[in-house]
Amino acid sequence: KKQNTVTREKEEIELIARGRHDPCVVPRAVVMVEAMVALVLMDQLMAQHAQCNLFPINPELQEPLSINFPNLEPANF
């Protein structure tokens, strides 16, 4: 919408805003804060697990896959 305004030199002009201008940024801010809180909490949970092993992981999920591939030989380290 066009808006009537005055410049610093006291000239009357019409102001035309271009682009997206939301009257309220709160709905977008809430989603961004929730996402950031989730990222920080997960980061801290992973750091806690790495340092203290506070939340043990199921050991059965940590075993290597026992699939036999006919053309591959085991690596020698």
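Criteria and thresholds
- Residues numbered from 1 in each chain as written.
- Predicted model: local features only at pLDDT ≥ 70, side-chain atom pairs only at ≥ 80, totals over all residues.
- Heavy atoms only, no water.
- UniProt positions renumbered as here; feature names shortened; annotations may be inferred.
- Buried < 20%, exposed > 50% of the residue type's maximum accessible area, 1.4 Å probe, protein only.
- Helix = DSSP H or I, 4+ residues; strand = E, 2+ residues; numbered from the N terminus.
- Pairing = 2+ DSSP bridges.
- Salt bridge = Lys/Arg side-chain N within 4 Å of Asp/Glu carboxyl O.

- By the naming in an unreviewed UniProt entry, the protein chain is chorismate synthase, taken from Corchorus capsularis.
- Comment text from UniProt for the protein chain, heading Pathway (unreviewed entry), reads "Metabolic intermediate biosynthesis; chorismate biosynthesis; chorismate from D-erythrose 4-phosphate and phosphoenolpyruvate: step 7/7."
- Database annotation for the protein chain, UniProt heading Sequence similarities (unreviewed entry): "Belongs to the chorismate synthase family."

1. Things to note about the pairing of strand β1 (residues 2–6)
Sheet faces and side chains relate simply in a regular strand, where the side chains alternate between the two faces.
And step 1. Taken across its 5 residues, β1 has 0 buried, putting it largely on the surface.
And step 2. As defined by bridge partners, β1 adjoins strand β2 (residues 12–16) across 5 bridges and the pair is classed as antiparallel. Paired with K2 across the strands is I16, a residue of β2.
And step 3. In textbook terms, the turn of a hairpin is the stretch between consecutive antiparallel strands, and for β1 and β2 this stretch comprises 5 residues, one of which, K10, has a positive phi near 65°.

2. Focus: the pattern of salt bridges
And step 1. Under the counting rule described, the total for this entry stands at 1 salt bridge.
And step 2. For E14, the salt bridge is made with K2, and the minimal N-O distance between the two is 4.0 Å. Residue E14 is located in strand β2, and its partner K2 is located in strand β1; the two are separated by 12 residues in the primary sequence.

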